[in-house]
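A structural walkthrough
Okay, here's what each chain looks like letter by letter:
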Amino acid sequence: NSPWGTAERQLMAARLKRCVVRRRDGPEQHGVAASCLRELRDKACGVLAIDKAREPITLVLAEDGTIVDDEDYFLCLPSDTKFVALAKDEKWSSKSLDSGTSWLSESADEVDSATEKWKQLARQLKDDLSNIILMSEEDLQVLIDVPRSDLAEELGQSETKIQVLQDTLQQVLDRREEERQSRQLLELYLEALKTEDSILSKAAEREAAPRKEMDVVDTGTSSTDTSARRALSDQVLAALKEKPAPELCLDSQDLELVLKEDAAALASALGWDKQKAGALQEACDQELSKRLKQVQALHSLRSTSKGKKTLPWGDWPSAKRKK
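Here the structure is a predicted model, which means the values were calculated and not measured. (Residues numbered from 1 in each chain as written. Predicted model: local features only at pLDDT ≥ 70, side-chain atom pairs only at ≥ 80, totals over all residues. Heavy atoms only, no water.)

So, about the sheet that holds strand β4 (residues 81-86). The strands making up a sheet are joined through hydrogen bonds of the backbone, oriented either antiparallel or parallel. Pairing within the open sheet is mixed, and its four strands lie in the order β2-β1-β4-β3. Every other strand in the sheet has two partners, leaving β2 (30-34) and β3 (58-61) as the edge strands with one partner each. Across this sheet, the average inter-strand angle for adjacent strands is 40°, counted without regard to direction. Here five bridges tie strand β1 (residues 17-23) to β2, and the two strands are oriented antiparallel to one another. Within β2, the residue paired with C19 across the bridge is V32. Each of β1, β2, β3 and β4 touches helix α2 (residues 37-47); the most contacted strand, β2, lies at about 150° to it. (Pairing = 2+ DSSP bridges. Helix = DSSP H or I, 4+ residues; strand = E, 2+ residues; numbered from the N terminus. Axes fitted to C-alpha atoms, helices over the stretch in contact; angles between N-to-C directions. Contact = heavy atoms within 4.5 Å.)

The next thing to look at is the pattern of salt bridges. Summed over all chains, the structure comprises 16 salt bridges. Two residues, R23 and E90, come together in a salt bridge whose shortest N-O distance is 2.9 Å. With R23 in strand β1 and E90 in the loop between β4 and α4 (106-127), this residue pair connects regions lying 67 residues apart in the sequence. In terms of burial, R23 and E90 fall into one category: buried. Two residues, K290 and E287, come together in a salt bridge whose shortest N-O distance is 3.3 Å. With K290 and E287 both in helix α13 (residues 274-303) and three residues apart, the pair spans about one turn of that helix. One salt-bridge network, held together by shared partners, links E179, R183, E247, E287, K290 and R291. (Salt bridge = Lys/Arg side-chain N within 4 Å of Asp/Glu carboxyl O. Buried < 20%, exposed > 50% of the residue type's maximum accessible area, 1.4 Å probe, protein only.)

This part covers helix α6 (residues 148-155). Burial in α6 covers these residues: L151, A152 and L155. Buried residues of α6 fall within an arc of 100° about the axis and therefore sit on the same side. (Arc of directions from axis to C-beta.)

Following the criterion strictly, the structure yields one aromatic pair and no others. When the centroid spacing of 6.4 Å and the interplanar angle of 45° are considered together, the rings of F74 and F83 count as tilted. Like F83, F74 is buried. Above the plane of the ring of F74 lies K17, whose end atom (NZ or CZ) is 5.7 Å from the centre. Note that K276 overlies the ring of W272, its terminal NZ or CZ placed 4.4 Å from the centroid. (Phe/Tyr/Trp six-rings, centres within 6.5 Å; stacked < 30°, edge-to-face > 60°. Lys NZ or Arg CZ within 6 Å of the ring centre and 35° of its normal.)

The structure is reproduced here in structure tokens:
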């Protein structure tokens, strides 16, 4: 209980590195803390119940099978590095022969891909915060859901600034949702006027005839339909077809792909008439132009800010979500 004993324990805790160990064909993972490679081997043998006759074990990186036998290399590895403990005569393999192994299961692959995705998005923000404007709603939500400590470590910022960043991302997401709801209300209002106004009703009937003719023509344009489906992913086509104001949920790259599509091919792929597809492309064009103008405005402000190459993190406003 002496101050010297407390200081010694704190020093030892600071030297410990968090690690995750498992056997080659075992699904169970164990977390251990070690200050050196030898201590990690001893603890791994204990928690994994490796027989003394099968020691000494070899520790390899679970990611690619790299043998870790150098103390300095071990100290350079980040916390929570995953190791595979190989007993005598065992060799590392990227695919386990044990069908029950969950280490390389599809669920683990999905987790790794999700982790890689948020890290890619985080690197985009590290290069330029104005990329927030160009991101899709799905990408924004991915970054909002990342644990604050992980995002702070990836971006090299304090957790306080990361909280401001995530609040800003939430504000951007909320604004897009508010805009979508406003457009839905406007569409409902116009639809109500259309049903009550006899002139608009007659105009709708006149437009019905060319639509039927166009449908007959479009039945022979399967090649344009196929080309549109090749250029636009099923996910983008589903968003365009099902979501209200779909231009708000797409990222800028997908908006550009929609604009490049031939209106007839896009209409055929979506099962719409050409006029509706043209209106969608116009909405995508307006949304893309608005985002690019916002980015240009931010870049213009940045160029006058003492020649800084990136937007200063401290300049982002303290985020308080508007109800």
